[in-house]
Amino acid sequence: AAMINISHLTRRYGPVTAVDDVSFTVEPGQVCGFLGPNGAGKSTTMRCLVGLTPPTSGRATVLGAEYRRLPNPGRQVGIMLDATAQHPGRTGRETLRIAALVQGLDRSRIDAVLEQVGLTPAEARARVRTYSLGMQQRLGIAVALLGDPRVLVLDEPTNGLDPEGIAWMRDLLRRLADRGDTVLLSSHLLHEVEQIADTLVLIGGGRVIASGSTEELLDGQ
Ligand code: ADP
Ligand code: ADP
């Protein structure tokens, strides 16, 4: 069964149709790249998927249910909607403690996720305002991984990463997908997602323009 199922999803904001009859699925063990220019409707789709904004019509489900109906959603779905939305005055470790508290998770995985994303103990003791964009992305991913979720929803996780950072992200997400986890990640840059994603959903003006395996879509150009 599909881990993520977006079915005829439409979201309007007044006169603006941010998402217009969007349908796609992501299967277990897949990394799906959600690709489109700024304003295409990627964030709105992801916000609907994780219950932050209601669809105008259609459905968005994860693990077979609407996110808000999942038991222990923090343990099932890891979310990063804005890596830069951290508290700049907090340290990396404090950020993870706060996230654990908010999500109702225990603190036992904090060291594990710091190691998983490659933040050193010294970096975890530094305030987030001293972090590079790449370190903020790593911390955002660490927050998403805290509950050891089966599904990850990441909005623009490669934004501002250098080629090394993108290769790191690819390897991390590949390891997770290889153990059966499912990833949906958005980007406005093809060269960033094509290295990472197994499948692509191309979106523009709120509508799906094309979707399929990354290889198949790019060979057809
Ligand atoms: P993307 O993530 O692809 O950049 P968004 O989903 O953020 O696209 O935005 C899609 C469209 O919906 C844009 O035209 C944007 O201005 C509009 N939009 C998004 N959120 C809101 C909101 N809360 N209120 C009004 N318009 C919005
Ligand atoms: P809240 O901040 O309480 O979630 P909003 O629905 O206004 O309330 O904002 C949701 C997200 O959409 C925010 O990230 C905001 O920056 C963005 N947003 C709000 N209005 C617009 C708009 N007209 N165009 C694009 N994005 C918008």
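Residues numbered from 1 in each chain as written. Chains lettered and ligands numbered in written order. Predicted model: local features only at pLDDT ≥ 70, side-chain atom pairs only at ≥ 80, totals over all residues. Heavy atoms only, no water.

Looking up the protein chain in an unreviewed UniProt entry gives the name ABC transporter ATP-binding protein NatA, with the organism given as Acidipropionibacterium virtanenii. Regarding the protein chain, the UniProt comment filed under Sequence similarities (unreviewed entry) reads as follows: "Belongs to the ABC transporter superfamily." (UniProt positions renumbered as here; feature names shortened; annotations may be inferred.)

J.: Help me understand the overall build of the protein chain in this model?
T.: Secondary structure summary: the protein chain contains 9 helices and 9 strands in total. Relative to the 2.2 N^0.38 estimate, which gives 17 Å for 221 residues, the radius of gyration of the protein chain is 17 Å and therefore close to what a compact globule would have. Projecting the C-alpha coordinates of the protein chain onto the three principal axes gives extents of approximately 45 × 40 × 35 Å. Residues classed as buried in the protein chain amount to 47% of the 221 residues present. Long-range contacts, defined here as pairs at least 24 residues apart, represent 68% of the contacts in the protein chain between residues at least 6 apart. A total accessible area of about 10300 Å² is found for the protein chain, and carbon and sulfur atoms account for 49% of it. (Helix = DSSP H or I, 4+ residues; strand = E, 2+ residues; numbered from the N terminus. Rg over C-alpha atoms; globule rule 2.2 N^0.38 Å. Buried < 20%, exposed > 50% of the residue type's maximum accessible area, 1.4 Å probe, protein only. Contact = heavy atoms within 4.5 Å. Areas by Shrake-Rupley, 256 points an atom, 1.4 Å probe, with all protein chains shown as cover.)

J.: Looking at this structure, I do not really get the environment of Pro163. What am I missing?
T.: The topology assignment puts Pro163 in helix α7 (residues 163-178). Looking at Pro163, the relative accessible area reads 68%, which means it is exposed. Separated by 148 residues in the primary sequence, Pro163 and Pro15 place their C-alpha atoms 39 Å from one another.

J.: I'm lost on the sheet that holds strand β2 (residues 16-26) in this one. Help?
T.: Strands in a sheet are paired, the pairing made by backbone hydrogen bonds, and the direction either parallel or antiparallel. Pairing is antiparallel across the open sheet formed by 3 strands, whose spatial order is β2-β1-β4. Looking at the sheet topology across the chains shown, the edges are occupied by β2 and β4 (57-62). The mean inter-strand angle of the sheet, taken between neighbouring strand axes irrespective of direction, is 20°. Note that strand β1 (residues 4-13) and β4 share 5 bridges and pair antiparallel. Bridge assignment links Asn5 to a residue of β4, and that residue is Thr61. (Pairing = 2+ DSSP bridges. Axes fitted to C-alpha atoms, helices over the stretch in contact; angles between N-to-C directions.)

J.: Quick question: what am I supposed to make of the layout of surface pockets here?
T.: If a probe the size of a water molecule is rolled over the atoms, the empty space left behind becomes visible. Considering only enclosed or pocket space, the largest pocket measures out at about 590 Å³ in volume. For the largest pocket, the lining is made up of 21 residues, of which Ile79, Ala99, Val102, Gln103 and Val143 are closest to its centre. Those elements giving two or more residues to the lining of the largest pocket turn out to be β5 (77-80), α3 (92-103) and α6 (133-145). A per-element tally of the lining of the largest pocket places α3 first, with 5 residues. (1 Å grid on protein atoms, 1.4 Å probe; cavity = no way out; pocket = protein on both sides within 12 Å on 5 of 7 lines; lining within 4 Å. Points joined across faces, edges and corners; volume = space filled by probe spheres on them.)

J.: What is the right way to read the environment of Asp155 from this model?
T.: Of note, Asp155 is situated in the loop between β6 (151-154) and α7. Sequence-wise, Asp155 and Trp168 are 13 residues apart; in three dimensions their C-alpha atoms are separated by 17 Å. Those residues in contact with Asp155 that sit more than four places away from it in its chain are Ser43, Met46, Met80, Leu81 and Ser186. Reaching out from Asp155, the side chain makes a polar contact with the side chain of Ser43 at a distance of 2.6 Å. (Polar contact = N/O pair within 3.5 Å; in protein donor to acceptor, adjacent residues only side chain to side chain.)

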